[in-house]
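# Per-entry structural report
Here's the letter readout for the chains.
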Amino acid sequence: MTAKLIDGKVVSAKIRGEIREAAEAFKAERKRAPGLAVVRVGEDPASIVYVRNKLRACEEVGFYSEPHILSEDVTTEEVIKVIESLNADPNIDGMLVQLPIPRHLDEKKILAAVSDDKDVDAFHTLDAGHLTLGDANVLPCTPAGIMEMLKHYDIEVAGKECVVVGRSNIVGRPMAALLLAADGTVTIAHSRTKDLGSVCRRADILVSAVGRAKVITADMVKEGAVVVDVGMNRNEEGKLCGDVDFDAVSEVASYITPVPGGVGPMTVTMLMKNTLIAAKNAAENN
Ligand code: NDP
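In short, a report on the structure. (Residues numbered from 1 in each chain as written. Predicted model: local features only at pLDDT ≥ 70, side-chain atom pairs only at ≥ 80, totals over all residues. Heavy atoms only, no water.)

## With respect to the packing of helix H1 (residues 8-30) against helix H2 (residues 45-61)
For clarity, the cut-off: Inter-axis angles, ranging from 0 to 180 degrees, are taken between N-to-C directions of lines fitted to C-alpha atoms, where helices are fitted over the stretch in contact. Working definition: helices are DSSP H or I runs of at least four residues, strands are E runs of at least two. Numbering for both runs from the N terminus. Geometric relationships in this document are graded by angle, where less than 35 degrees denotes roughly parallel, more than 145 denotes roughly antiparallel, 65 to 115 denotes roughly perpendicular, and other angles denote oblique. The contact definition used throughout considers only heavy atoms, calling two residues in contact when any of these lie within 4.5 Å. Nonpolar residues are Ala, Val, Leu, Ile, Met, Phe, Trp, Tyr, Cys and Pro. Charged residues are Asp, Glu, Lys and Arg, and all others, Gly as well, are polar.
Interhelical geometry of H1 versus H2 gives an angle of 60° and a closest axis separation of 8 Å. One finds that H1 runs oblique with respect to H2. Taking contact as the criterion, the partners of Arg16, Ile19, Arg20 and Ala23 in H1 are, on H2, Ala57, Glu59, Glu60 and Val61. Taken together, the residues of the contact of H1 with H2 sort by class into four nonpolar, no polar and four charged.

## Let's talk about the nonpolar core
Selection criterion: In this text, buried Ala, Val, Leu, Ile, Met, Phe, Trp, Tyr and Cys residues form a nonpolar core when linked through side-chain atoms within 4.5 Å. Buried residues are those whose accessible area, probed at 1.4 Å on protein chains only, stays under 20% of the maximum for their type, while exposed residues exceed 50% and partly exposed ones sit between those limits.
With 48 residues, the main nonpolar core has Ile146, Leu150, Leu179, Val207 and Met272 as its most contacted residues. Among the elements that line this core, the one with the most residues is helix H10 (residues 263-284), at eight residues. Those residues within four positions of Leu150 in sequence are excluded, and the remaining contacts are Ile155, Val157, Leu179, Val226 and Val228. Core analysis: the second largest hydrophobic core is formed by 19 residues, Val39, Ile83, Leu111 and Ala113 among them.

## What about the pattern of salt bridges?
Convention followed: Just to be clear on terms, a salt bridge is a Lys or Arg side-chain nitrogen sitting within 4 Å of an Asp or Glu carboxyl oxygen.
On inspection of all chains with the given rule, the structure shows nine salt bridges. The salt bridge involving Glu18 is made with Lys14; its shortest N-O contact spans 3.5 Å. Pair noted here: Glu18 and Lys14 are both in helix H1, with a separation of four residues, about one helical turn. With a relative accessible area of 44%, Lys14 lands in the partly exposed category. Note that Arg32 and Asp93 form a salt bridge whose closest N and O atoms lie 2.8 Å from each other. Of this pair, Arg32 sits in the loop between H1 and strand S2 (35-41) while Asp93 is found in the loop between helix H3 (76-87) and strand S4 (94-97), placing the two residues 61 residues apart along the sequence. One network of salt bridges, in which partners are shared, links Glu148, Lys151 and Lys273.

## Examining the site of the ligand
Worth spelling out the cut-off: Summary of the distance rule: residues count as near a molecule or strand when at least one heavy atom falls within 4 Å of that molecule or strand. Nitrogen and oxygen atoms within 3.5 Å of one another constitute a polar contact, given that in protein one can donate a hydrogen and the other can accept it, and given that sequence-neighbouring residues count only through two side-chain atoms.
The full set close to the ligand counts 21 residues, and Arg167, Ser168, Ser191, Met232 and Thr267 are the nearest of them. Side-chain polar atom of Arg167 to an oxygen atom of the ligand: 2.7 Å apart, as the coordinates give it. In the environment of the ligand, an oxygen atom lies 2.5 Å from a nitrogen or oxygen atom belonging to the side chain of Ser168. When residues in the shell around the ligand are grouped by element, the largest group, three residues, is from H10. Grouping the amino acids of the shell around the ligand by side-chain chemistry returns nine nonpolar, ten polar and two charged.

## Regarding the environment of Gly197
In this fold, Gly197 is placed in helix H8 (residues 196-201). Relative accessible area serves as the criterion here: at 10%, Gly197 is assigned to the buried category. In this structure the C-alpha to C-alpha distance between Gly197 and Thr217, which are 20 residues apart in sequence, comes to 8.6 Å.

## Considering the state of the cysteines
Short version of the rule: Note on disulfides: each one is a pair of cysteine sulfur atoms within 2.5 Å.
Counted according to the given criterion, the structure contains zero disulfides. Just so you know, Cys200 is unpaired, no disulfide at all, and the nearest cysteine sulfur is the one on Cys162, 13 Å from it. The thiol of Cys241 is unpaired, and the distance to the nearest cysteine sulfur, on Cys200, comes to 17 Å. Residue Cys241 is classed as buried on the basis of its relative accessible area of 14%.

## Description of the sheet that holds strand S5 (residues 161-165)
The test is simple: Two strands are said to pair when DSSP picks up at least two bridges between them.
The strand order S1-S11-S8-S7-S5-S6 describes an open sheet built from six strands, whose pairing is parallel. In this open sheet, the two strands that pair with only one neighbour each are strand S1 (4-5) and strand S6 (185-189). For S1 and strand S11 (residues 255-256), the ladder comprises two bridges, and the chain directions are parallel. Within S11, the residue paired with Leu5 across the bridge is Ile256.

## Some points on the side chain of Thr267
Examined against the element boundaries, Thr267 turns out to sit in helix H10. Polar side-chain contacts of Thr267 include one of 3.1 Å to the side chain of Thr142. Once residues lying within four places of it in the same chain are set aside, the contact partners of Thr267 are Cys141 and Thr142.

As structure tokens, this is what we get:
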């Protein structure tokens, strides 16, 4: 079998087109564009690229955007001060703090300072609670983007064996919650899972969010499975790659996401969607 490509760029372009139209309508009615602020601390090279992509996406869909670049040695209190001013700014509907932030900062305290209605990353404790209870208003961007891709390719989740490898708060856990909400039968695997291969081979839908190149090999994938690769790693030649041994797994899977061009663009697109939702909510409440 040669797997069909799940093309994150194609799905993204379609959704970004819809967001752009909605942003134009919002602007015509409210005399302002939806606004996103991005806070970056320090000069982490990957963060610089991610923030740039997010600001470019804002431009593409017609949002107002505001980068706040803080120096590496900033204090927790200083970061919180910036967040509080953005919380109070009526032109800012959503904000995010690009992770990772320097180790001396209190990440929990900083993320908690983002007001719930502007938390477009949906990392708040409150958001995690809503997600678990199945009544969330905004969804964490990466797992939400994956669900959109599955929908676009008519990949049914209900009744399927779903295995999520990774249990982080930003990818693995919310991914499992969304698959469960879509009536999948969900297993979460992690670094302490015994015999990862046999757990993965159960999967009709396999999502890998580990952060290690080639952790998912062809012998771990059931014939015809749908394979979603969240990982963003560098291979021996320094090239961007996912967690999945793409060439070999493509011979076994029915569908597969590439890296780059799979989950990555969808994550940014869902951030735009969450900002639009936050802008509409803010407008309704005024
Ligand atoms: P974390 O490091 O927070 O989590 C990694 C998870 O993988 C942990 O739960 C860990 O288990 C598990 N793990 C580690 N090694 C193994 C192993 N050998 N076998 C099974 N499980 C293992 O990472 P994130 O969730 O933040 O990100 C995961 C990957 O996804 C990264 O490459 C990241 O760059 C990428 N990413 C991509 C995004 C995109 O838009 N494309 C967005 C966000 C992340 P344990 O809990 O036991 O330690």
